[in-house]
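Survey of secondary and tertiary structure
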Amino acid sequence: MTTTTHASTVFPGKAVAKDVQFLMDLEKILKPGFGARIYPDSTGNVVQAKVNTDQALDQESIKKLIAHTAKWNLNMVLSRSGAGLKVLFTKENN
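The following refers to the structure shown. (Residues numbered from 1 in each chain as written. Predicted model: local features only at pLDDT ≥ 70, side-chain atom pairs only at ≥ 80, totals over all residues. Heavy atoms only, no water.)

1. Concerning the nonpolar core
As a rule of thumb, nonpolar side chains are buried together in soluble globular proteins. Counting residues in hydrophobic clusters, the biggest one holds 18 residues, and the most contacted among them are F22, L26, L30, F34, V51 and F89. If you list the elements that add at least two residues to this core, you get α1 (18-29), β1 (35-40), β2 (46-53) and β4 (84-91). Residue contributions to this core peak at 4 residues, all from α1. Setting aside residues no more than four positions away along its own chain, L26 makes contact with F34, V51, L65, H68 and F89. (Core = buried A, V, L, I, M, F, W, Y, C linked by side-chain atoms within 4.5 Å. Buried < 20%, exposed > 50% of the residue type's maximum accessible area, 1.4 Å probe, protein only. Helix = DSSP H or I, 4+ residues; strand = E, 2+ residues; numbered from the N terminus. Contact = heavy atoms within 4.5 Å.)

2. What to know about the environment of P32
Along the polypeptide, P32 turns up in the loop between α1 and β1. The exposure class assigned to P32 is exposed, which follows from its relative accessible area of 83%. The spacing of P32 and Q55 is 23 residues in sequence and 9.2 Å in space, taken between C-alpha atoms.

3. Considerations on the sheet that holds β4
Spatial strand order, β1-β2-β4-β3: 4 strands in an open sheet with antiparallel pairing. With one partner strand each, in any of the chains shown, β1 and β3 (74-81) form the two edges of the open sheet. The sheet shows a mean angle of 10° between the axes of neighbouring strands, direction not considered. The pairing of β3 with β4 spans 8 bridges and is antiparallel. (Pairing = 2+ DSSP bridges. Axes fitted to C-alpha atoms, helices over the stretch in contact; angles between N-to-C directions.)

4. Quick word on the pattern of salt bridges
Between side chains of opposite charge, a pair can form as their charged atoms come close. Applying the stated rule across the entire model yields 1 salt bridge. Between D25 and K71 there is a salt bridge, with its nearest N and O atoms 2.7 Å apart. Here K71 lies in helix α2 (residues 59-71) and D25 lies in helix α1, a separation of 46 residues in the sequence. (Salt bridge = Lys/Arg side-chain N within 4 Å of Asp/Glu carboxyl O.)

The quantities given are spatial measurements derived from coordinates; they are silent on function.
See below:
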């Protein structure tokens, strides 16, 4: 199940909240069934996200995750979490 810390709703023709767009982008990369916690700052920018999945990541999925990380100006760390994989996105310190 995919979850987010904000209960934002997407309406056609309306601007999408950044946390919702981040999640929608992840849904294009990962198979259904992953879990996500997204933490925006006071301006709505995503500053941290924790994603758990039991999906095996092939080379193409990893490339897409790296591109996703760059698009959102975040750092990414992949680590083992139980029987699955944890992907931690954090804001770069500039």
